[in-house]
Amino acid sequence: MMKKKRLSASKASLVLFLCQMISALDVPLDSKLLEELSQPPTITQQSPKDYIVDPRENIVIQCEAKGKPPPSFSWTRNGTHFDIDKDAQVTMKPNSGTLVINIMNGGKAEAYEGIYQCTARNERGAAISNNIVIRPSRSPLWTKEKLEPHQVREGDSLVLHCRPPVGLPPPIIFWMDNAFQRLPQSERVSQGLNGDLYFSNVQPEDTREDYICYARFNHTQTIQQKQPISVKVFSTKPVTEKQPILLTPTGSTSTKVELRGSVLLLECIAAGLPTPGIHWIKEGGELPANRTFFENFKKTLKIIDVSEADSGNYKCIARNILGSAYHVISVTVKAAPYWITAPRNLVLSPGEDGTLICRANGNPKPNISWLANGVPIAIAPEDPSRKVDGDTIIFSHVQERSSAVYQCNASNEYGYLLANAFVNVLAEPPRILTPVNKLYQVIADSPALLDCAYFGSPKPEIEWFKGVKGSILRGNEYVFHDNGTLEIPVAQKDSTGTYTCVARNELGKIQNEVQLEVKDPTMIIKQPEYKVIQRYGQVSFECIIKHDSTLLATVTWLKDNDELPDDERFLVGKDNLTIMNVTDKDDGTYTCIVNTTLDSVSASAVLTVVAAPPTPAIIYARPNPPFDLELTGQLERSVELSWIPGDENNSPITSFVIEYEDGLHEPGVWHYQTEVPGTQTTVQLKLSPYVNYSFRVIAVNEIGRSQPSEPSEQYLTKSANPDENPSNVQGIGSEPDNLVITWEPLKGFQSNGPGLQYKVSWRQKDVDDEWTSVIVANVSKYIVSGTPTFVPYEIKVQALNDLGYAPEPSEVIGHSGEDLPMVAPGNVQVHVINSTLAKVHWDPVPLKTVRGHLQGYKVYYWKVQSLSRRSRRHVEKKILTFRGNKTFGMLPGLEPYSSYKLNVRVVNGKGEGPASPDKVFKTPEGVPSSPSFLKITNPTLDSLTLEWGSPTHPNGVLTSYVLKFQPINNTHELGPLVEIRIPANESSLILKNLNYSTRYKFYFNAQTSVGSGSQITEEAVTIMDEVQPLYPRIRNVTTAAAETYANISWEYEGPDHANFYVEYGVAGTMASRQVDIATQGWFIGLMCAVALLILILLIVCFIRRNKGGKYPVKEKEDAHADPEIQPMKEDDGTFGEYSDAEDHKPLKKGSRTPSDRTVKKEDSDDSLVDYGEGVNGQFNEDGSFIGQYSGKKEKEPAEGNESSEAPSPVNAMNSFV
């Protein structure tokens, strides 16, 4: 049913129905093009099938249609031609098929009862409307009857029958008393679906003489009243308790037939004492979730939108403490025809094929029949291109004469469906509708959409070129839309240029050029900064911008997100804002906004104003408070207030603030009344009724506000009706079956008098219902219960007090409570655009199933597995929300060559509806990522070994690897490039026949069927001779720190003759790198000079000793032997040194590094690290070198002077000691 309605609504105009063609042809929304194309008629508006009219008003039977040429109209009545020219009461609107039957000037509605059908015809076919049954509404009077009083014993059951007159449509029944107040209902007393009033047991308070049944006929807006019924309850002691019996329905079983899509109402009302409770179950199943509701104190079971699955036996059980009773209702759900596939308009080119499909379902199965131009197809003129096959018409090799309008009728005993669908055969060469040389401007790194609106029959093919003679555009960097639009997802500066769109079909070819300009983004390169300024000072905020030179940029300044004050102290320059003579009011946030025609940026800064330092000459202070307040000229709504200002304390008074206190409603609370200039000492004040006023005055100068004055005398104004009604009236349901009406109550002084109350009124919108009103106390909320789910209500709230009502309030529209959506979006389709982007489509859900404000749709999608690895992973669902009634969305960021699932849910204010069935889709292959690593090993004279790892993200099936390499000479020039293609299952390669002692640069990437991925580069050198160099490698460095030292460990691979460098530093300072001074020329020269001086000194000492003299240092050494000074040892080659006691500590004994190359502390607390092969070195705390730079290996046997390593300068020095 909803799909039918949606189809009818879409035919509102020629433009809309042209857009719904479902062939390969789409007609664009171009007015000039639409005027030129021939078009069969389409019915765009018609009256409902069952049309009940008001017999007092003119009858208007609608029939509107569009076509080219414009169609003519005719009518049938009860199956025969209706000649409107022969009936003076009937006219047809100009350029329309709508009939107007004049009832108000003598016509009778009963004379025009019947079945009407409209036909719209032009040279390309004829469309027909539904059969429109016209019936005037009826509201007959109640038959006269004599009603006997009901005398009932307390505790017995009672049924008061309504039996309203039969009207068209049926009336709405309700029970009221003589005062027109609804009779209260409860679990014990309630109204049945037939309008009768049921008492499960009567009580003495039920005695009354004004039980009145009312029947309201909405069409004629009349209410009929039954004679009052009298009930008298007499008491008997004791009252006998009774077990439940069912008042309605009677017996133990009954049957009910309901139509699919309608509302199923089942009722059980029981008698008994105590009052029985009602419970509902479905035998052999569960009550449908989200569609089941209980009404009338659970006596009525309501299931909305019923389907065949709701057929079955429903049992109601009435139970109290004495027992239970039950009734089984067998429900059968039948179905009027409903669409599975409604025929859709078909636009074809001559010689093309097509089909019209008309599929409907129902219970019983509907019969499908076809008509052509309103005539049964069996007797319609023959068309050799047409073949009818049940619910399908097949068209083969159509010609222009094949254009026609076909009608599909699906009917069964419960109703029918009628749909028009035209076949329009057009032959049109391509046309491009986008203006020539249209200019598109975008900001860099944002999407660019270039239009190419087109039309032709057959549907043209669209191609895009860059430039007039450029190559055709292809690849993932472009998105080609079905409407001809070219999308560049991320436009760059080099995207600027001319783009050519070409449309071609078998009837011709046409092209069009558009221009794209990519602009630089706008930036604020110098933003305003936070400022603290003294009062009366001057402050300036900078806002220096950079923007594309071809765009005009405008700079706007805001204060606290509002316009700058209209004050000459604010000076706006080209790139700054200056505020002169700053005051406290200038405190706030200042924002610089830069706008161009394409983008906008902003930056903000806060200004804080502080007091200026006092000067010894003048002391500025807040003014003293005013005094001697006096009230004069007292009237009902005004009074005059005067005062004497206090001392201004060297700062002129700029204004006076008047405040008032309402001693009647809010004693002790002062409110702002008004503000006047500082030169004024009297003011006329407006007053409200029923307020006990007191006033006070506050003086203001540049320094601040004074203390408030003493209050004036009190003045009580007279009461009056309220002047205003509550504001912010809203109606929003908190539950599916209620309407919560809220408002902002009037403040005390707004009440204008005692006894403030509110009259709350509501009625359902668009149903011609009467207002329901209730008067509540001075509250801010009223809850209306028992409302339908999510329907609009008209609401108004009016204030009143003991003196009367406020003016008539305005109406607002609210809605009763929302419930979760009932159905999931259907027809979910996924169109994979490229390996990382997909587009999802769905059909919108019927609005009545949303049951709330439609907020949008959510798409849940997740990756199931990678098609290249065939390994599942943890499912991480992603959610995209599309606001409003959208029916499609883009899914970005997909992984290539993967399997995904998705589903779609509709969202309202209550939450999400059910999910659509999971839709599986797969992304195509993409280009792979770069190989995970490239390692070059085993260099020889003419070969290198390459090893690599497969890409982390293959994004498809790897087809091969591509290796490119070229030599690099000493001047860093590149030689010829060699390319090698390697099978995808290989992970290493030995390159042979290379040049010796040559550096090569390698480029390596993987390939899939889509193309090449990112490349990884590496360089390597072949060796000069056959000695295989081992490149040093240090790994697994670990540290362990103590209070005065640290151990550093590492693993080393490489040549034996290696020096190690250790960088370290104090936390918060730069690390220091130790320099290999043993290889520095200045150090070698210094050591040679020192050695020469020591040699001369030894010679002098030797000469003096031979003369009997004594070297003073030696004497001191002999007298005070330092135990830390060790002689040279033969086993490890270390030696002791003299040091100055004031400047140096003695060097400690060296030790060999452990085999795991861990540097350990030996004796010195101020040393840290060694570097050298196998010998510990020492460093001062400032990082200076104090130990051995490079020591020998273990001592070799004395065989001449041969050594495996060159002696260091320090070792050379040892021989002189």
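Rules of the game
Residues numbered from 1 in each chain as written. Predicted model: local features only at pLDDT ≥ 70, side-chain atom pairs only at ≥ 80, totals over all residues. Heavy atoms only, no water. Helix = DSSP H or I, 4+ residues; strand = E, 2+ residues; numbered from the N terminus. Buried < 20%, exposed > 50% of the residue type's maximum accessible area, 1.4 Å probe, protein only. Contact = heavy atoms within 4.5 Å. Areas by Shrake-Rupley, 256 points an atom, 1.4 Å probe, with all protein chains shown as cover. Phe/Tyr/Trp six-rings, centres within 6.5 Å; stacked < 30°, edge-to-face > 60°. Lys NZ or Arg CZ within 6 Å of the ring centre and 35° of its normal. Pairing = 2+ DSSP bridges. Axes fitted to C-alpha atoms, helices over the stretch in contact; angles between N-to-C directions. Expected span 1.5 Å × (residues − 1). Disulfide = S-S within 2.5 Å. Salt bridge = Lys/Arg side-chain N within 4 Å of Asp/Glu carboxyl O. pLDDT = per-residue confidence, 0-100. Core = buried A, V, L, I, M, F, W, Y, C linked by side-chain atoms within 4.5 Å. Patch = residues over 30% accessible without salt bridge, like charges linked within 9 Å, V, L, I, M, F, W, Y side chains within 5 Å.

A. Spotlight on the overall build of the chain. When helices and strands are counted, the chain shows seven helices and 89 strands. Counting only residues that meet the buried cut, the chain has 42% of its 1217 residues in that class. Expressed as a percentage of contacts within the chain between residues at least 6 apart in sequence, the contacts between residues at least 24 apart total 63%. Working note: accessible area of the chain is about 65,300 Å², and carbon and sulfur atoms make up 51% of it.

B. Structural detail: the packing of aromatic side chains. Summed over all chains, the structure comprises 21 aromatic pairs. Centre to centre, the rings of Trp643 and Phe656 are 5.4 Å apart; their planes meet at 65°, and the pair counts as edge-to-face. Separated by 13 residues along the polypeptide, Trp643 in strand S58 (residues 638–644) and Phe656 in strand S59 (residues 653–662) bring together distant segments of the chain. We classify Phe656 as buried; its relative accessible area is 1%. Following the ring pairs from residue to residue traces out a cluster consisting of Phe174, Phe180 and Tyr214. Over the ring of Phe82 we find Arg77, and its NZ or CZ is 6.0 Å from the ring centre. Directly above the aromatic system of Tyr326 lies the positively charged group of Lys315, at a separation of 4.6 Å from the ring centroid.

C. Quick peek at the sheet that holds strand S13 (residues 158–160). Pairing is antiparallel in the open sheet, where three strands are placed in the order S13-S16-S15. Unpaired on one side and paired on the other, S13 and strand S15 (189–191) mark the two borders of the sheet. Across this sheet, the average inter-strand angle for adjacent strands is 15°, counted without regard to direction. For S15 and strand S16 (residues 197–199), the ladder comprises three bridges, and the chain directions are antiparallel. Looking at the pairing, Gln191 lines up with Leu197 of S16.

D. Focus on helix H5 (residues 1081–1106). Compared with the 38 Å implied by 1.5 Å per residue over 26 residues, the 38 Å span of H5 between its first and last C-alpha is a close match. Residues Phe1083, Met1087 and Ala1091 constitute the buried set of H5.

E. Highlighting the state of the cysteines. Taken as a whole and assessed by the stated rule, the structure comprises six disulfides. Linked covalently through their sulfurs, Cys268 and Cys316 form a disulfide whose S-S length is 1.8 Å. Across the S-S bond linking Cys268 and Cys316, the dihedral sits near -70°, which makes this disulfide left-handed. Of the two residues, Cys268 sits in the loop between strand S22 (264–267) and strand S23 (269–273) while Cys316 sits in strand S27 (residues 312–320), which places them 48 residues apart along the sequence. With respect to burial, Cys268 and Cys316 carry one shared label: buried. Across the disulfide, Cys452 is cross-linked to Cys501 (sulfur-sulfur distance 1.8 Å). Handedness of the Cys452-Cys501 disulfide follows from its S-S torsion of about -60°: it is left-handed.

F. The sheet that holds strand S57 (residues 627–632), seen in detail. In spatial order, the strands read S57-S58-S61; together these three strands make up an open sheet with antiparallel pairing. Each of the sheet's edge strands pairs with one partner strand only, and the pair in question is S57 and strand S61 (682–686). Neighbour-to-neighbour, the strand axes of the sheet open up by a mean angle of 25°, direction not taken into account. Bridging between S58 and S61 involves five bridges; their strand directions are antiparallel. When the sheet's bridge partners are listed, Glu640 is paired in S61 with Gln684.

G. Layout of the environment of Tyr326. Tracing the backbone through its elements, the reader meets Tyr326 in strand S28 (residues 323–341). Along the chain, Tyr326 and Ile278 lie 48 residues apart, while their C-alpha atoms are 9.3 Å from each other.

H. Highlighting the pattern of salt bridges. This structure, assessed with the given rule, holds 41 salt bridges. The salt bridge involving Asp50 is made with Arg135; its shortest N-O contact spans 2.9 Å. With Asp50 in strand S2 (residues 50–53) and Arg135 in strand S11 (residues 132–136), the pair connects residues that are 85 residues apart, well separated along the chain. Its relative accessible area of 44% is what places Asp50 among the partly exposed residues. Residue Arg135 is classed as partly exposed on the basis of its relative accessible area, which comes to 28%. In this structure, Lys935 and Glu947 form a salt bridge, with 3.6 Å as the shortest nitrogen-oxygen distance. Taken together, the positions of Lys935 in strand S79 (residues 931–937) and Glu947 in strand S80 (residues 944–951) put the pair twelve residues apart, joining distant regions of the chain.

I. Layout of the confidence of the model for the chain. Chain-level pLDDT for the chain is 83 on average; 85% of the residues reach the 70-or-more range. Overall, residues 1069–1075 carries pLDDT values under 50, and its contacts beyond four positions in sequence, including any with other chains, amount to 16 contacts. Counting interchain partners and residues more than four positions distant, the pLDDT-below-50 stretch residues 1109–1217 has 150 contacts.

J. Focus on the nonpolar core. Counting residues in each nonpolar core, the largest one holds 29 residues, and the members touching the most others are Ile59, Ile61, Trp75, Ile101 and Tyr116. Every element with two or more residues in this core is listed here: strand S3 (59–61), strand S4 (63–68), strand S5 (72–77), strand S8 (99–101), strand S9 (114–122) and S11. Residues Cys358, Val398, Ala410 and Ala419 belong to the second largest nonpolar core, which totals 23 residues.

K. How the structure looks around a nonpolar patch on the surface. Taken together, the side chains of Leu1092, Leu1093, Leu1095, Ile1096, Ile1099, Val1100, Phe1102 and Ile1103 present a nonpolar region at the surface, about 750 Å² in accessible area. Relative to the helices and strands, Phe1102 is located in helix H5. Using a relative accessible area of 56% as the deciding quantity, one classes Phe1102 as exposed.

L. Representation of the side chain of Ser638 in the model. Tracing the sequence through the fold places Ser638 in strand S58. The exposure class of Ser638 is buried, given its relative accessible area of 14%. Non-local contacts of Ser638, meaning those with residues more than four positions away in its chain, are made with Gly633, Gln684, Leu685 and Leu687.

M. Unusual backbone geometry, seen in detail. With an omega of -5°, the peptide bond running from Leu168 to Pro169 counts as cis. Positionally, Pro169 belongs in the loop between S13 and strand S14 (172–176). Residues Leu273 and Pro274 are joined by a peptide bond in cis, for which omega reads 0°. One non-glycine residue, Asn296, adopts positive backbone phi at about 50°. Tracing the chain through its elements places Asn296 in the loop between strand S25 (292–295) and strand S26 (300–303). We note that Asn827 has phi near 55°; this positive angle belongs to a residue other than glycine.

N. Broad picture of the side chain of Thr522. Residue position: Thr522 is located in the loop between strand S46 (508–519) and strand S47 (523–526). Among residues more than four places away in sequence, those in contact with Thr522 are Lys546, His547, Val594, Thr596, Asp599 and Val601.

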